[in-house]
Amino acid sequence: MPAASPLRVLSITTLFPDAARPNFGLFVEKSLRALAAQPGIGLTVVAPVGLPPFPLSLHKRYRALRELPRTESWNGLTVLRPRFTLIPRVGARFNPAKVARAVLSAVSGQEFDVIDAQFFYPDGPAAMRVADALGLPFSIKARGADISHFGHDRATAPQLLAAADRAGGLLAVSSAMRDDMAAIGIDSAKISVHYTGIDGARFSPGDRTSARAALGMDDAPAILTVGALIPRKGQALVIEALPALPGVHYWLAGSGEEESRYRLLAARLGVDTRVHFPGSVANADLPQLYRAADAVVMPSASEGLANAWVEALACGTPIVISDAGGAAELITSPIAGRIVERTPGAIASAVQAVLARAPSPVDVAATLGGRFDWDRNGRELAAHLRRCAGR
């Protein structure tokens, strides 16, 4: 009996790492690498690059993006990077059509069985257009801000909902994300929960004292946030909690538009000597940073199921997080941490409770219960796309 032909997958993702942004969309890259490793899968990744119209495209912030290759091998994946015209701030409603045109141009002459969109907007409506042009089924995955923002914005929600209705299948990073999708009118019967993965060989418990010594940290209690310095992540609330946490140092791993405001806030509250800005931290260096912290504190306004939450727990560090996205799917006992209101007082109380009864890192990691594994993630994605393609 002849072997079945490979499932030819076209994955469209505006979240994907490149030489200019090596930490951008790492979780998407890892999921697609796990998919490509499955038997019977032929994968083509298209990661469109948005550039503003001339002369804005000449600005130094876009120089590195302009120089990206149109086609390259990225950690074993063949990645196409066509360009589309991005209109900053006001052009979101036009992006799906522009992304679709760029994708169709990049894959002209190639044949596929199914289209995979790795983010709901603009990837989802773009995948719908590409699927129409090629006569193919398609799937879309929801991750967090794509629903909480674009699903509620009048300029983008109609296209997002139309794509959800037309898709052959939908994925969500958590059960809570599935509920959020249903709340805006997406058919929950079409949605499967698809948890992220974790590299257990790298993100694992270790000795806190040696981790701190390697990073040049002293023995003062340390809390950590990992993520962009933007209002939605809630770092300002953690800084405002510090006066009630004497002696506790706060590390903000990441970069972003709010850094100067956070520095001013820390100085105004008299805690600036206890607030540290190491900048963006390479993914390879994150495990050591998680192990060095007594708690990871992330009171986000919205999330799907943040990778940093899972990574911290895998390294044995409890988390203090807001009731956002899949929080309750991770904090299944006090050993894993606390879910708190987004107020400085609630955050301070939760941090105090975690510091007072520090759990064993091995016990913290065990709360994940083996649910987050990249091979499982790849197998489930392959099976989902086969269903969408009628295989």
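Above this note sits the structure.
What follows concerns the overall build of the protein chain. The secondary structure content of the protein chain amounts to 16 helices and 16 strands. For 391 residues, the compact-globule formula gives about 21 Å, and the C-alpha radius of gyration of the protein chain, at 21 Å, lands near that figure. Considering only C-alpha atoms, the protein chain reaches an extent of 65 × 55 × 40 Å along its principal axes. For the protein chain, the residues scored as buried account for 55% of the 391 residues in total. Total accessible area computed for the protein chain in this model is approximately 16400 Å², and 53% of it derives from carbon and sulfur atoms. Counting 41 positive and 35 negative side-chain charges, the protein chain places the averaged centre of each group 5 Å from the other.

This next bit is on the packing of aromatic side chains. One pass over the structure, following the stated rule, counts three aromatic pairs. Note on tyrosine 121 and phenylalanine 150: the rings are 5.0 Å apart at their centroids and 25° apart in plane angle, and the pair reads as stacked. One end of the pair, tyrosine 121, is in the loop between β7 (114–117) and α4 (123–134); the other, phenylalanine 150, is in the loop between α5 (145–148) and α6 (157–166), and 29 residues separate them in sequence. Both residues of the pair, tyrosine 121 and phenylalanine 150, count as buried. Ring geometry for tyrosine 195 against phenylalanine 372: centres 5.0 Å apart, planes inclined by 55°, an arrangement best described as tilted. Of this pair, tyrosine 195 sits in the loop between β10 (191–193) and α8 (208–215) while phenylalanine 372 sits in the loop between α15 (361–366) and α16 (374–388), placing them 177 residues apart in sequence. Judged by relative accessible area, which is 5%, phenylalanine 372 ranks as buried. A cation sits over an aromatic face here: arginine 81 above tryptophan 74, 5.5 Å from the ring centre.

With that settled, consider the nonpolar core. Core analysis: the biggest nonpolar cluster contains 95 residues, and Phe120, Met181, Ile186 and Tyr290 have the highest contact counts within it. Per element, the largest residue contribution to this core is six residues, and it comes from helix α12 (residues 307–314). In this structure, Ala236, Val238, Phe277 and Ala348 belong to the second largest nonpolar core, which totals 27 residues.

Checked against the element boundaries, alanine 282 lands in the loop between β13 (275–279) and α11 (286–292). On a C-alpha basis, the gap between alanine 282 and glycine 254 in space is 9.7 Å, while along the polypeptide they are 28 residues apart.

This next bit is on the sheet that holds strand β2 (residues 41–46). Taking strand neighbours across the sheet as the criterion, the eight strands line up as β4-β5-β2-β1-β7-β8-β9-β10 in an open arrangement whose pairing is mixed. Looking at strand neighbours, the two that pair on one side only are β4 (71–74) and β10, the edges of this open sheet. Between one strand and the next, the sheet's axes are offset by a mean angle of 25°, whatever the strand orientation. Note: β2 against strand β5 (residues 77–80), two bridges, orientation parallel. Paired with valine 46 across the strands is leucine 80, a residue of β5. Sitting on the sheet, α4 touches β1 (7–12), β7 and β8 (138–142), and the angle it makes with β7 is about 165°.

This part takes up the pattern of salt bridges. Enumeration over the complete set of coordinates arrives at 13 salt bridges. In this structure, glutamate 29 engages arginine 33 in a salt bridge whose closest nitrogen and oxygen atoms are separated by 3.1 Å. Of this pair, glutamate 29 and arginine 33 are both found in helix α1 (residues 26–36), four residues apart, which corresponds to roughly one turn of the helix. Note that arginine 166 is salt-bridged to aspartate 132, the shortest N-O span being 2.4 Å. Remark: aspartate 132 occurs in helix α4 and arginine 166 occurs in helix α6; sequence separation between them is 34 residues. Through salt bridges with shared partners, one network takes in Arg8, Glu111, Asp113 and Arg391.

Parameters and conventions
Residues numbered from 1 in each chain as written. Predicted model: local features only at pLDDT ≥ 70, side-chain atom pairs only at ≥ 80, totals over all residues. Heavy atoms only, no water. Helix = DSSP H or I, 4+ residues; strand = E, 2+ residues; numbered from the N terminus. Rg over C-alpha atoms; globule rule 2.2 N^0.38 Å. Buried < 20%, exposed > 50% of the residue type's maximum accessible area, 1.4 Å probe, protein only. Areas by Shrake-Rupley, 256 points an atom, 1.4 Å probe, with all protein chains shown as cover. Lys, Arg positive; Asp, Glu negative; His and termini not counted. Charge placed at Lys NZ, Arg CZ, Asp CG, Glu CD. Phe/Tyr/Trp six-rings, centres within 6.5 Å; stacked < 30°, edge-to-face > 60°. Lys NZ or Arg CZ within 6 Å of the ring centre and 35° of its normal. Core = buried A, V, L, I, M, F, W, Y, C linked by side-chain atoms within 4.5 Å. Pairing = 2+ DSSP bridges. Axes fitted to C-alpha atoms, helices over the stretch in contact; angles between N-to-C directions. Contact = heavy atoms within 4.5 Å. Salt bridge = Lys/Arg side-chain N within 4 Å of Asp/Glu carboxyl O.

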